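One-letter residues, chain by chain:
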Amino acid sequence: MDSLAELSVVAFLLALAYGAASFVSPCVLPLLPAYLSFVSGLNFDEVRKGNRRVVWGTLAFVLGFAVVFTLMGAGFSFAGALVANQRLLQIIAGALLIVLGVVIAGLTLPSFLQRDVRPFLSRAPRGPAGAFLVGMAFAFGWTPCVGPFLGAVLTMAAEGNDPAGGALLLFVYSLGMGIPFLVAGLFVGWALRTFERIRRHMRLIQIVCGAVLVVYGALLIAGVPLTF
């Protein structure tokens, strides 16, 4: 793939789905009330009542991690474009996607992949500006926990070898992760109940996402065009 137009629609749908799956991971969904409280500067009782500060803080937080993930996508795609043998890159990317698909579908993640790192929280200023910085910091802190999902999307970005396409792909991933945050900021009580019910089906979600990724990787290895 050497242009944005050649990036598969399936790749973008997977990126969106894996962003949503990352949201229900052990280091994100269970801590959602704490995130909303921190980025808004309100206690949880105030958050549950609804407040404009929650919405603006959440939006800034989402933009913060979206910027980091989008830049990562552009970087991985740029690196992929530097590889002379694009067919070899396609095979390697396909093999890596199959491995990640198996990991997502079949394995319980070890404990060190079920936690996040929370850098600079004590130094972050309050308000939207602080929430934006915290979002950028958490993009790195979440990486171990959401690694298989994020790694799959980054691999697709590298295989696409188009920086603009890679950036857009990771932005779509960020949307998949960020939209539930924004919904939670707008409708806190309803969102917490709904997301918890969704999380009960996380095993099925993992199996489906993993299986689709294995098929996607196999098609890449086989050299089947994925421009649909």
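The shown structure was predicted, so the numbers you read here are calculated from the model rather than taken from an experiment.

Draft legend 1. Local environment of the overall build of the protein chain. Within the protein chain one finds ten helices and zero strands. The N-to-C order of helical and strand elements in the protein chain reads α-α-α-α-α-α-α-α-α-α. Classification of the 228 residues of the protein chain by burial places 48% in the buried group. Across the protein chain, every contact between residues at least 6 apart in sequence was considered, and the portion connecting residues at least 24 apart equals 80%. Entry remark: accessible area of the protein chain is about 10600 Å², with carbon and sulfur atoms responsible for 72%.

Draft legend 2. Structural context of a nonpolar patch on the surface. Nonpolar side chains collect at one region of the surface, where Leu-16, Leu-168, Phe-171, Leu-175 and Ile-179 lie side by side and expose about 390 Å² of accessible area between them. Among the elements that take part in the nonpolar patch, helix H8 (residues 163-186) stands out by supplying four residues, more than any other. Secondary-structure assignment places Leu-16 in helix H1 (residues 9-23).

Draft legend 3. Looking closely at a positive patch on the surface. Among the surface-exposed residues, Arg-48, Arg-193, Arg-197 and Arg-200 lie close enough to one another that they form a single positively charged patch. Summarising the element assignment, Arg-197 is placed in helix H9 (residues 188-199). The class for Arg-197 is partly exposed, based on a relative accessible area of 44%.

Draft legend 4. Here's a closer look at the packing of aromatic side chains. Per the counting criterion, the structure on display carries eleven aromatic pairs. Here the aromatic rings of Tyr-35 and Phe-138 are separated by 5.3 Å at their centres, their planes lie at 85°, and the arrangement is edge-to-face. You can see Tyr-35 sitting in helix H2 (residues 32-40) and its partner Phe-138 sitting in helix H6 (residues 128-141), a full 103 residues away along the chain. Assigned by exposure class, Tyr-35 and Phe-138 land together as buried. A centroid spacing of 5.9 Å and a plane angle of 70° characterise the contact between Phe-61 and Phe-138, whose relative ring orientation is edge-to-face. Here Phe-138 lies in helix H6 and Phe-61 lies in helix H4 (residues 52-81), a separation of 77 residues in the sequence.

Draft legend 5. Spatial organisation of the environment of Phe-78. Take Phe-78: it is sitting in helix H4. Sequence separation of Phe-78 and Gly-166 is 88 residues, and the distance between their C-alpha atoms is 8.2 Å.

Draft legend 6. Inspection of the side chain of Thr-58 at higher detail. Tracing the backbone through its elements, the reader meets Thr-58 in helix H4. Given the relative accessible area of 1%, Thr-58 is considered buried. Of the polar contacts made by the side chain of Thr-58, one reaches the backbone oxygen of Val-54; its length is 2.6 Å. Thr-58 has contacts with Leu-36, Val-39, Phe-181, Leu-182 and Gly-185, leaving out every residue within four places of it along the chain.

What counts and what doesn't
- Residues numbered from 1 in each chain as written.
- Predicted model: local features only at pLDDT ≥ 70, side-chain atom pairs only at ≥ 80, totals over all residues.
- Heavy atoms only, no water.
- Helix = DSSP H or I, 4+ residues; strand = E, 2+ residues; numbered from the N terminus.
- Buried < 20%, exposed > 50% of the residue type's maximum accessible area, 1.4 Å probe, protein only.
- Contact = heavy atoms within 4.5 Å.
- Areas by Shrake-Rupley, 256 points an atom, 1.4 Å probe, with all protein chains shown as cover.
- Patch = residues over 30% accessible without salt bridge, like charges linked within 9 Å, V, L, I, M, F, W, Y side chains within 5 Å.
- Salt bridge = Lys/Arg side-chain N within 4 Å of Asp/Glu carboxyl O.
- Lys, Arg positive; Asp, Glu negative; His and termini not counted.
- Charge placed at Lys NZ, Arg CZ, Asp CG, Glu CD.
- Phe/Tyr/Trp six-rings, centres within 6.5 Å; stacked < 30°, edge-to-face > 60°.
- Polar contact = N/O pair within 3.5 Å; in protein donor to acceptor, adjacent residues only side chain to side chain.

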